[in-house]
Amino acid sequence: MRAVVQRVDGASVVVAGETVGEIVGEGLCVLVGVTHDDTPEKAELLARKLWSVRILEAEKSCSDVNAPLLVISQFTLYGDARKGRRPTWNAAAGGAFAEPLVDEVVAQLRALGATVETGRFGADMRVSLTNHGPFTIVIDI
C-alpha cells in the first residue's frame, strides 16, 4: 500500500457537486493506493502509521491531538510514466480488490479512535485542501 499524506488546515472532497467528505482544522489528507500484493494486514499497518506519525504542528500525531483524517482512494499512485508519454497502471490493483482494502484502512483508523472522512471509491472527485507547511510525505507499507 502507498499513501501520500499531507498535513492540512482543512480539506474536502466533492462528487457531482455534493460534498461527500470534509475535515475542518488541523488534520491529514491521505491519498491511498493499492497494489496487487496488498493485504488486510498491510491496511492495518498503514492505519496505525497514519494515526501515530508525528507530522502535525509541534511534532504531534493525530492520536496526540485527536486530529481528523480525510482518506481518499487513489489508484494513480501506482502509475508508471517512466516510458513513453502515457502512464501505465499495471501495478495498481483493480477496484474489486482495492476497495475493500481502502475500506479496511478507514475501519482500522476508526477502531483506533480516529475521526475519518472519505471520498467515494471510483468517483470523479474534486479534492480541495489547504496544505500546512507545505508538508507532504509518502508512506509505503
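Everything here concerns the structure above.
Residues numbered from 1 in each chain as written. Predicted model: local features only at pLDDT ≥ 70, side-chain atom pairs only at ≥ 80, totals over all residues. Heavy atoms only, no water.

Trainee: How would you explain helix α1 (residues 40–52) if you had to name every residue and give the values?
Mentor: With 13 residues, α1 extends 18 Å from end C-alpha to end C-alpha; this agrees with the ideal 18 Å at 1.5 Å per step. Regarding α1, the residues found buried are A43, L46, A47, L50 and W51. Considered in projection along α1, the buried side chains sweep an arc of 130 degrees and stay on one side of the axis. (Helix = DSSP H or I, 4+ residues; strand = E, 2+ residues; numbered from the N terminus. Expected span 1.5 Å × (residues − 1). Buried < 20%, exposed > 50% of the residue type's maximum accessible area, 1.4 Å probe, protein only. Arc of directions from axis to C-beta.)

Trainee: A description of the pairing of strand β1 (residues 2–15) should follow, citing residues and the corresponding values.
Mentor: Buried residues dominate β1, accounting for eleven of its 14 residues. By the bridge criterion, 13 bridges tie β1 to strand β2 (residues 18–33) in an arrangement that is antiparallel. Residue pairing for β2: A11 is matched across the bridge by I23. Both β1 and strand β5 (residues 125–140) contribute to a ladder of eleven bridges, which runs antiparallel. Bridge pairing in β5 places V8 opposite N131. (Pairing = 2+ DSSP bridges.)

Trainee: Residues and numbers for the packing of aromatic side chains, please.
Mentor: This model, assessed by the stated rule, comprises one aromatic pair. When the ring of F75 is compared with that of W89, the centres are 5.3 Å apart and the planes differ by 70 degrees; the resulting orientation is edge-to-face. Of this pair, F75 sits in the loop between β3 (69–73) and α3 (95–111) while W89 is found in the loop between β3 and α3, placing the two residues 14 residues apart along the sequence. You can call F75 partly exposed: its relative accessible area is 46%. W89 sits in the partly exposed class, given a relative accessible area of 37%. (Phe/Tyr/Trp six-rings, centres within 6.5 Å; stacked < 30°, edge-to-face > 60°.)

Trainee: An account of the environment of F75 is requested, with residue identities and associated values reported.
Mentor: Each C-alpha atom of the pair F75 and A92 lies 5.7 Å from the other, and the pair is 17 residues apart in sequence. F75 has contacts with W89 and A92, leaving out every residue within four places of it along the chain. (Contact = heavy atoms within 4.5 Å.)

Trainee: Provide a residue-level description of the side chain of D38, including the pertinent values.
Mentor: Position of D38 among the secondary structure elements: in the loop between β2 and α1. Of the polar contacts made by the side chain of D38, one reaches the backbone nitrogen of M1; its length is 2.6 Å. Look past the residues within four positions of D38 in its chain and what remains in contact with it is M1, G33, Y78, F97, L101 and I141. (Polar contact = N/O pair within 3.5 Å; in protein donor to acceptor, adjacent residues only side chain to side chain.)

Trainee: So what's going on with the sheet that holds β2? Which residues, and what values?
Mentor: Spatial ordering of the open sheet is given by β4-β3-β2-β1-β5, a layout of five strands whose pairing is mixed. Each having just a single partner strand, β4 (116–118) and β5 make up the two edges of the open sheet. Going across the sheet, the axis of each strand differs from the next one's by a mean of 30 degrees, ignoring polarity. As defined by bridge partners, β2 adjoins β3 across five bridges and the pair is classed as parallel. Residue pairing across strands places V32 opposite S73, the latter belonging to β3. Contacts from α3 reach β2, β3 and β4, with the element oriented near 160 degrees to β4. (Axes fitted to C-alpha atoms, helices over the stretch in contact; angles between N-to-C directions.)

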